[in-house]
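Reading the structure
The chain contents come next:
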Amino acid sequence: MKRNLNDLMAFVTVAREGSFTRAAAQLGVTQPALSQTITGLENRMEIRLLTRTTRNVSPTVAGERLLAAIGSRFDEIEAELDMLTEMRDKPAGTVRITCGPHVLKTLLLPKLSPLLRNYPDIHLEFDANHGFRNIVADRFDAGVRLGDTIDKDMIAMPISPQLRMAAVASPEYFSSHPIPLTPQDLLDHNCMNMRQATSGGLYVWEFDNEEGPVNVRVNGQLTFNTSAHMVDAALAGLGIAFLPEEEFAPHLEEGRLIRVLDAWCIPFPGYYLYYPSRKQHSPAFSLVMEALKLA
């Protein structure tokens, strides 16, 4: 037998109020319509739930049992709905984001720190890694990756300007090695490889200029799967490193690293926040999106 939850809610309200008049006013319906609803419920269940007199209404034994069984559950539903309304009016909850370690340190934390101070009930959980997570299957609210690496079925919002790659090494390294003038010259250098987390292969260095794209599969003594250690190795004079220029910015400005092949490094899409749907974002996630939006 199909049961209508609205009918059960009507029964609970009448039984608690002890009056069709008061219950009808609380539910926003007419008294005759409410009486018809209860009668229909009793007919479908084939048992009387309420005893009606000219002065009051009270549950029968069966009605008392039904009220005890479902009344508290409706209270729980009402309480949960009230909490959701409060979350809408007072943003709260956890937002889970997967991203790379560098963008977490340099972009996400600086932009989201004011949000955390202004909304103490919002919590952020970061999964920092160089691999690509399935944000739907792994129950993330969003991910942050470079724009040209995001699946086409995702909604993507830019959160950083365009980026450029940079090939760099220390003055110490170039004191004993010639400056490379073309990407092919890198084949004669000690270059640092990056192991890609998703495929397991080594990243092929990609260059481009007016002559067209050039890809170089470099060789060297060192292979990493994290950018921070590659920067440290470059500073130690152990070879040429190739990463987004922002990874080297302070060291280039202060002369600890020297940039080469600059003309071969053209801009490419920067970091994007991506997520699976435009619909029904939580207030907390909407605030995260607003905080990360490009000015």
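Everything numeric here is computed off the predicted structure, so don't read it as measured data. (Residues numbered from 1 in each chain as written. Predicted model: local features only at pLDDT ≥ 70, side-chain atom pairs only at ≥ 80, totals over all residues. Heavy atoms only, no water.)

Turning our attention to unusual backbone geometry. A positive phi is found at Arg-139, a non-glycine position, where the angle reads about 60°. Structurally, Arg-139 is set in the loop between β4 (122–128) and β5 (142–146). For Leu-261, which is not glycine, the phi dihedral falls at a positive 55°. Considering the arrangement of structural elements, one finds Leu-261 in the loop between β13 (258–260) and β14 (271–275). (Helix = DSSP H or I, 4+ residues; strand = E, 2+ residues; numbered from the N terminus.)

Moving on: the pairing of strand β3 (residues 93–99). In this sheet, β4 lies alongside β3 in parallel orientation, the contact comprising 7 bridges. Residue pairing in the sheet places Val-95 in a bridge with Leu-124 of β4. Handedness of the β-α-β unit built from β3, helix α5 (residues 101–118) and β4 comes out right-handed. Sheet topology places β3 next to β5; 2 bridges connect them, and they run parallel. Bridge pairing in β5 places Thr-98 opposite Gly-143. (Pairing = 2+ DSSP bridges. Right-handed = clockwise from strand over helix to strand, strands pointing away.)

Every α-helix carries 3.6 residues per turn, so stepping three or four residues along brings you back to the same face. Among the residues of helix α2 (residues 20–27), those classed as buried are Phe-20, Ala-23 and Ala-24. Mapping the buried residues of α2 onto a view down its axis gives an arc of 100°, with all of them on the same face. Along α2, the residues that are exposed and aim more than 90 degrees away from the buried face are Ala-25 and Gln-26. Between a side-chain oxygen at the N-terminus of α2 and the backbone nitrogen of Thr-21 the separation is 3.2 Å; the capping residue is Ser-19. Of the residues trailing α2, Gly-28 is marked for its positive phi of about 75°. (Buried < 20%, exposed > 50% of the residue type's maximum accessible area, 1.4 Å probe, protein only. Arc of directions from axis to C-beta. Polar contact = N/O pair within 3.5 Å; in protein donor to acceptor, adjacent residues only side chain to side chain.)

The next thing to look at is the pattern of salt bridges. Under the criterion given, the structure shown has 13 salt bridges. Between Arg-164 and Asp-262 there is a salt bridge whose closest N-O contact spans 2.7 Å. Placement of Arg-164 in the loop between β6 (155–158) and β7 (165–169) and of Asp-262 in the loop between β13 and β14 is noted, with a sequence separation of 98 residues between them. A salt bridge links Glu-254 to Arg-256, with the shortest nitrogen-to-oxygen separation between them at 2.3 Å. A relative accessible area of 55% means that Glu-254 is categorised as exposed. (Salt bridge = Lys/Arg side-chain N within 4 Å of Asp/Glu carboxyl O.)

Once that is clear, we can look at the environment of Leu-287. Within the secondary structure layout, Leu-287 lies in helix α9 (residues 283–292). In sequence terms Leu-287 and Tyr-119 are 168 residues apart; their C-alpha atoms lie 9.6 Å from each other. Not counting residues within four places of it along the chain, the set of residues in contact with Leu-287 comprises Pro-91, Leu-115, Tyr-119 and Ile-122. (Contact = heavy atoms within 4.5 Å.)

Our next topic: the nonpolar core. Counting residues in hydrophobic clusters, the biggest one holds 44 residues, and the most contacted among them are Leu-108, Val-144, Ile-159, Phe-207, Ile-240 and Leu-273. A total of 6 residues in this core trace back to one element, the largest contributor, which is α5. With near-sequence residues (within four places) excluded, Ile-240 lies in contact with Ala-167, Val-168, Ala-169, Tyr-173, Phe-174, Pro-180, Leu-186, His-189, Asn-190, Cys-191, Met-192 and Trp-205. Phe-20, Leu-34, Leu-41 and Phe-74 belong to the second-largest nonpolar core, a separate cluster that totals 19 residues. (Core = buried A, V, L, I, M, F, W, Y, C linked by side-chain atoms within 4.5 Å.)

Taken together, the side chains of Ile-179, Leu-181 and Ile-258 present a nonpolar region at the surface, about 280 Å² in accessible area. Along the chain, Ile-179 turns up in the loop between α6 (171–174) and β8 (193–194). (Patch = residues over 30% accessible without salt bridge, like charges linked within 9 Å, V, L, I, M, F, W, Y side chains within 5 Å. Areas by Shrake-Rupley, 256 points an atom, 1.4 Å probe, with all protein chains shown as cover.)

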